[in-house]
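Coordinate inspection notes
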Amino acid sequence: MSGFFKSSIGRKYAMALSAFFLMFFLLQHFAINILSVFSPDAFNEASHFMGTFWAVQYLLQPILIFGVIYHFVMGFYLEIKNKNARVVKYAKNNGAANSSWMSRNMIYSGLAILAFLVLHFIDFWLPELNTKYIQGNMSGLLADGESFRYYEELVHKFVNPIRVIAYVIAFVFLSLHLMHGFSSAFQSAGVTSMRKEKLQIFGKAYAIIIPLGFIFIAIYHHFNH
Amino acid sequence: MNLTLKIWRQKDAQSKGKMVDYKVTEISEHMSFLEMMDVLNEQLINSGEEPVAFDHDCREGICGMCSMYINGEAHGPDRGVTTCQLHMRMFKDGDTITIEPFRAKAFPVLKDLVVDRGAFDRIQHAGGYISVNTSGNTQDANSLPISKHAADEAMDAATCIGCGACVASCKNSSAMLFVGAKVSQYALLPQGQVEATDRVRNMVAQMDLEGFGNCTNTGACEVECPKGISLENIARMNRELLKSNF
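Residues numbered from 1 in each chain as written. Chains lettered and ligands numbered in written order. Predicted model: local features only at pLDDT ≥ 70, side-chain atom pairs only at ≥ 80, totals over all residues. Heavy atoms only, no water.

**Topic: the pattern of salt bridges**
Formally: Salt bridges, as used here, are contacts in which a Lys or Arg side-chain nitrogen is within 4 Å of a carboxyl oxygen on Asp or Glu. Here a strand is any run of E in DSSP of at least two residues, a helix any run of H or I of at least four, and the numbering for each starts at the N terminus. Type-normalised accessible area, obtained with a 1.4 Å probe on protein chains alone, sets the label of each residue: buried when under 20%, exposed when over 50%, and partly exposed for intermediate values.
The tally for this structure, following the rule as stated, stands at 19 salt bridges over all chains. Notably, a salt bridge pairs A:Arg149 with A:Glu128, separated by 3.1 Å at the nearest N-O pair. Note that A:Arg149 is positioned in the loop between helix H6 (106–134) and helix H7 (150–157) and A:Glu128 in helix H6, a separation of 21 residues in sequence. Each member of the pair, A:Arg149 together with A:Glu128, is buried. B:Arg9 is the salt-bridge partner of B:Asp112, the closest N and O atoms lying 3.1 Å from each other. A residue pair is termed long-range when its members are at least 10 positions apart, and B:Asp112 in the loop between strand S6 (109–111) and strand S7 (114–115) and B:Arg9 in strand S1 (residues 3–9) qualify at 103 residues. The two residues B:Asp112 and B:Arg9 agree in class, both being buried.

**Focus: the packing of helix H8 (residues 161–188) of chain A against helix H9 (residues 197–224) of chain A**
Residue and element names in this part refer to chain A. Counted only if it meets this: The axes are straight lines fitted to the C-alpha atoms, using for helices just the contacting stretch, and the angles between their N-to-C directions are given from 0 to 180°. Every angle not falling under 35 degrees, over 145, or within 65 to 115 is termed oblique; those three ranges are roughly parallel, roughly antiparallel and roughly perpendicular. We call Asp, Glu, Lys and Arg charged. Ala, Val, Leu, Ile, Met, Phe, Trp, Tyr, Cys and Pro are nonpolar, and the rest, Gly among them, are polar.
Between H8 and H9, the shortest axis-to-axis distance is 8 Å and the interhelical angle comes to 170°. Comparing the axis directions of H8 and H9 gives the class roughly antiparallel. Its residues assigned to classes, the contact of H8 with H9 comprises 20 nonpolar, five polar and one charged.

**Here's the deal with the nonpolar core**
Stated formally: Only buried Ala, Val, Leu, Ile, Met, Phe, Trp, Tyr and Cys residues count toward a nonpolar core, and they belong to the same one when joined by side-chain atoms within 4.5 Å. Boundaries between domains were set according to an automatic or database domain assignment. Pairs of residues are marked as contacts when any of their non-hydrogen atoms sit within 4.5 Å.
Counting residues in hydrophobic clusters, the biggest one holds 107 residues, and the most contacted among them are B:Leu5, B:Phe33, B:Met37 and B:Phe212. Ranked by the residues each element gives to this core, the list is headed by helix H2 (residues 8–38) of chain A, at eleven residues. In this structure, this core is formed jointly by two domains, domain 1 (3–111) and domain 2 (118–243) of chain B, each of which donates at least three residues. Those residues within four positions of B:Met37 in sequence are excluded, and the remaining contacts are B:Ile7, B:Val52, B:Phe54, B:Met68, B:Ile99 and B:Leu113.

**Points about the confidence of the model for chain A**
How we decide: On a scale of 0 to 100, pLDDT captures the predictor's confidence in every residue.
For chain A, the mean per-residue pLDDT works out to 92, and 98% of the residues sit at or above 70. Highest mean pLDDT in chain A belongs to helix H5 (residues 101–104) of chain A (97); lowest belongs to helix H1 (residues 2–6) of chain A (78).

**Comments concerning the domain arrangement of chain B**
The extent of an interface is frequently quoted as the accessible surface area lost upon association of the parts. All names here are of chain B. Here is the rule: We define buried area as the total accessible area lost by two parts upon association, computed with a 1.4 Å probe and summed across both. Any pair of nitrogen or oxygen atoms within 3.5 Å is treated as a polar contact; in protein, a donor-acceptor pairing is required on top of that, and neighbouring residues in sequence qualify only through side-chain atoms on both sides.
When cut into domains, chain B gives domain 1 (3–111) and domain 2 (118–243). On a C-alpha basis, the centres of domain 1 and domain 2 stand 28 Å from each other. Between domain 1 and domain 2, the residue contacts involve 18 residues of the former and 19 residues of the latter. When domain 1 packs against domain 2, close to 1,400 Å² is buried across both sides, 58% of that on carbon and sulfur atoms. Put simply, domain 1 and domain 2 have one salt bridge between them. Between Glu224 and Arg79 there is a salt bridge, and its shortest N-O distance comes to 3.2 Å. One can count two residue pairs in polar contact (both at pLDDT 80 or more) joining domain 1 with domain 2. Residue composition of the side of domain 1 that touches domain 2, by class: nine nonpolar, six polar and three charged.

Written out as structure tokens, the structure reads:
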């Protein structure tokens, strides 16, 4: 089986598996974040559960970190390998005649998402690690010791319009990445052809609705803080 | 029609090539693309120049020998045809046409527009066959019941002529449509089951060894394939390889 994951097709499976996990993670991240629009209390409760439940912290979080790193590292590795598979470039190449812009530029949409993740980690993840594991404060409470801090932290981040614009741009790139990535992952996993109509429609819907939802959340909090 | 041609000229495999401009006049729209190339070559020979080397054989769209990258697409702008079946009516008077060899590290240029597609032969040798005793007591293939659906799908996969347009069109120079078709044509039939495990493993290993890139599912190969080989064959090859590990 180790030989399988060293083959070109084995790596496709691995990329697809990490993509499935990341797409599932994105869905649950969205489901929790959208609560912040309708009910700050429900958002706080869900965030506290995700931030303190052992299985999420010590089982799912390491898998997520591995999945993100693997997807990026393997994505770059395969891109370099693929570039090397054609030493002399075409003088004229009409890629638009046979494939979508999204499918040909996954590396660039991926790079934009990576840049966003750095910002996102600095914004949320690193302060979260600092609060919980360096300061040892697992209560999830504000300094007043009475109410949860998660909703306040989220809203505070979207006060700055520059950050909101950066988030909107990043989610546009995420949408472009998913436009091809969703059905491509199914094709790579050998489930069925990416040309299957229903899969295409579902993939496009996911690629539009989820990033658009995140954009809505950022803009909503910017104008309602 | 009068045309300007920008053609890749390369003396041999070791030389560095370059694009060279040529003019051709009075080209009929009813000519095939290769007939237009013949006109150019007659012109070059008459003026004492080296004619442009290009691969061709049957000129009926079934042998898979012709292999030009025309105006940025394998086999040119038409769909479901090889270069020999591409007609000049697809172009307009005064057009500039860029003609290059199929480009991939695994398809080295031998001369001008001729590339070595031996990598495909070596992948076929690695497992693209079934072992049959031909000593005189060979079983009639029709004695094995095969569903119409499976037979049709296997036949569709088997129509791959191995021209290499999939590799040439792919931004990654991946050969997975070709290998997927060759794996599929046997995987769908009972005759192919006995050696199925070794076949897919060996063919994929050889494909990787030849230096083809990795498929990223852009679908360019399926669009440019003169025989319309479906991406479904790549998905099937992926399943076959996974299955071969259990």
